[in-house]
Amino acid sequence: MDKPILILDKGTTCTAWNYSGQRLAAGSTDGTIAIYDSTDPASSIFNCTARFKVQESSILKVVWVPPEYGDAVACISADGTLSLWEEVAQDADVLLWKLCKCFERNTSQVLDIQFGDSHTCLKLVAAYSDGQVKIYEVLDPLELEKWQLQAEFQNVIDLVSKFGNASCSAASISWNPQRGELRQSSFVLGFTSSIPLLNSSKVWEFDQDHQRWLPVAELALPEDKSDQVFAVAWAPNIGRPYELIAVATQKGIAIWHVGSNPDSNGRLLTEKVAVLSGHDGEVWQMEWDMSGMTLASTGSDGVVKLWQSNLNGVWHEQAILAPSS
């Protein structure tokens, strides 16, 4: 019988592995975060090395910052607040987690966050329950408390459009995992909202010349643009001439090819190459492997599915991981 590598606390609501897979952060219903470390990588056994209180309300999501910016996590609480916590050395032998930054908010709640880094700074994109998208950035990796609001907009192709009283229950963000000085920062974002035009997944790219974010692609066919988006995932690229992005809606998981060369209007060529179905219920989360060849999905049915494409580009279900009864 397989032996578990760790047993999470009762009431755990969300988890996140760090970049190396040697640390796990877990949020709980009581508003605490627990940090688990592998003291002996050869044994794959994890022990709880820290536990700290974030909020009185439940933790909904926790995300590690990129490793070059130290050991820090951002977390979303059930009351909609977003905070950043950093591990610091108090003396030679003691490491403590301290509140580094609590981001301001009005009446809207934070629904999703993701970090992305360019060659100049660390960026954070946050999606809010009123349909707003905010981009924050910090220039000095040693000063994670000094975030600046760099941009604010709504998830619509027509930038002139503005929607009042939008009500969004969920959002999903995925940064382009590719890095490099010549590559512009970009991410894909979709909403579950009361405003159809906000929902469909759009690819946003930073225009360096004009210092603003622009929508360069919409990942939805005309008849699907009002569909609520449950999850998005941008695949790593190890040499493809196009980008690969997965978008989950009530119609299934759509696999999109996105070109790299914009047309005369600045838009990227898109093609939906597959729709994957098989989950009994909504798909809540998707993740690609390091090669960008295998997609893992899970949702309300409690099942993890692995998807792959064959040499002919036909996508199929590779494996099913279901909890034991």
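Residue numbers run consecutively from 1 along every chain, following the written order of its sequence. Whole-chain, interface and lining totals are the exception, using all residues; otherwise, since this is a predicted model, local features are given only for residues with pLDDT of at least 70 and side-chain atom pairs are given and counted only at 80 or more. Side-chain numbers come from the whole structure's heavy atoms, not from hydrogens or water.

In this text, helices come from DSSP runs of H or I with a minimum length of four residues, and strands from runs of E with a minimum of two, each type numbered from the N-terminal end. Per the secondary structure count, the chain includes one helix and 24 strands. Our radius of gyration looks at C-alpha atoms and nothing else; its globule reference is 2.2 Å times the residue count to the power 0.38. Relative to its length of 325 residues, the chain is compact, with a C-alpha radius of gyration of 20 Å against a globular reference of 20 Å. Each principal axis of the C-alpha distribution contributes one length, and for the chain these read about 60 × 50 × 40 Å. For each residue, the accessible area found with a 1.4 Å probe, counting protein chains only, is set against the maximum for its type, and the residue is called buried under 20%, exposed over 50%, and partly exposed in between. When each of the 325 residues of the chain is scored for burial, the buried share is 49%. Counting only contacts in the chain whose residues sit at least 6 apart along the sequence, the fraction spanning at least 24 positions is 43%. Accessible surface, the chain as shown: approximately 16,600 Å² in total, 51% of it carbon and sulfur. Counted charges follow a simple rule, with Lys and Arg positive, Asp and Glu negative, and His plus the chain ends left uncounted. Lys charges are placed at NZ, Arg charges at CZ, Asp charges at CG and Glu charges at CD. Distance between charge centres in the chain, computed from 23 positive and 40 negative side chains, equals 3 Å. Any pair of residues with heavy atoms lying within 4.5 Å of one another is described as a contacting pair. Where accessible areas are quoted, they stem from the Shrake-Rupley method and a 1.4 Å probe; at the residue level, only the protein chains shown are allowed to cover.

As used in this record, nonpolar core signifies buried Ala, Val, Leu, Ile, Met, Phe, Trp, Tyr and Cys residues forming a set joined through side-chain atoms within 4.5 Å. By size, the foremost hydrophobic cluster in this structure holds 21 residues, and its most contacted members are Leu82, Leu84, Ile113, Phe115, Leu124, Leu144 and Trp147. Elements supplying a minimum of two residues to this core: β6 (72–77), β7 (82–89), β8 (95–103), β9 (110–117), β10 (122–128) and β11 (132–138). In terms of residue count, β10 provides more of this core than any other element does, four residues in total. Those residues within four positions of Leu144 in sequence are excluded, and the remaining contacts are Tyr69, Ala72, Leu84, Glu86, Cys100, Lys101, Leu122 and Val138. By size, the runner-up hydrophobic cluster in this structure holds 20 residues, among which are Phe153, Leu189, Phe206 and Trp213.

With that out of the way, let us pick up the side chain of Asp227. In this structure, Asp227 sits in the loop between β16 (212–218) and β17 (229–234). Each polar contact in these results corresponds to two N or O atoms within 3.5 Å; when the atoms are within protein, one needs to be able to donate a hydrogen and the other to accept it, and residues that are neighboring in sequence are counted only if both atoms are side-chain atoms. A polar contact of 3.5 Å, which involves the side chain of Asp227, links it to the side chain of Gln250. When near neighbours in sequence (up to four residues on either side) are disregarded, Asp227 contacts Asn199, Ser200, Thr249, Gln250 and Lys251.

Opposite charge on two side chains makes pairing possible when the charged atoms of those side chains draw close. Criterion for a salt bridge: a side-chain nitrogen of Lys or Arg within 4 Å of a carboxyl oxygen of Asp or Glu. The final tally for this structure, using the stated rule, is 13 salt bridges. One salt bridge in this structure joins Lys53 and Glu56, with 4.0 Å as the shortest N-O distance. Its relative accessible area of 40% is what places Lys53 among the partly exposed residues. Sharing partners across several salt bridges, the network here consists of Arg23, Asp37, Asp71 and Glu87.

It is worth spelling out unusual backbone geometry at this point. Positive phi, normally seen in glycine, also occurs at Gln211, with a value near 55°. Mapped onto the fold, Gln211 is located in the loop between β15 (202–207) and β16.

So, about the sheet that holds β10. Strands pair, by our definition, only if DSSP identifies at least two bridges between them. Strand order in the open sheet made by the four strands is β9-β10-β11-β12, with antiparallel pairing throughout. Looking at the sheet topology across the chains shown, the edges are occupied by β9 and β12 (148–154). Across this sheet, the average inter-strand angle for adjacent strands is 20°, counted without regard to direction. A fitted line through C-alpha atoms represents every axis, and for helices the fit uses only the stretch in contact; the resulting angles, taken between N-to-C directions, go from 0 to 180 degrees.

Now for the UniProt feature "repeat: WD" (unreviewed entry) in the chain. UniProt positions are given in the numbering used here, feature names are shortened, and annotations may be inferred rather than shown by experiment. The UniProt record marks residues 276–308 with the feature "repeat: WD" (unreviewed entry), using the residue numbering of this structure. Between the C-alpha atoms that bound residues 276–308 the distance is 10 Å, and the span itself is 0% helix and 55% strand.

Looking now at the environment of His279. Structurally, His279 is set in the loop between β20 (270–276) and β21 (283–288). By relative accessible area, His279 is classed as buried at 15%. Along the primary structure His279 and Val303 are separated by 24 residues, whereas in three dimensions their C-alpha atoms are 7.6 Å apart. Excluding anything up to four places from it in sequence, His279 contacts Ser297, Thr298, Gly299, Asp301, Val303 and Lys305. A polar side-chain atom of His279 sits 2.7 Å from a polar atom in the side chain of Ser297.

Criterion for a disulfide: a pair of cysteine sulfur atoms at a distance within 2.5 Å. A full pass over the atoms with the stated rule returns zero disulfides. Left unpaired, Cys100 is separated from the closest cysteine sulfur, that of Cys102, by 11 Å. Free cysteine: Cys121, not disulfide-bonded; nearest cysteine sulfur from Cys100 at 16 Å.

The topology assignment puts Thr298 in strand β22 (residues 294–299). A sequence separation of 13 residues divides Thr298 from Gln285, and the C-alpha atoms of the two residues are 5.6 Å apart. Ignoring any residue separated from it by four or fewer positions in sequence, one finds Thr298 in contact with His279, Val283, Trp284, Gln285, Val303 and Val304. Here the side chain of Thr298 touches Val303 through a polar contact of 3.1 Å, landing on its backbone oxygen.

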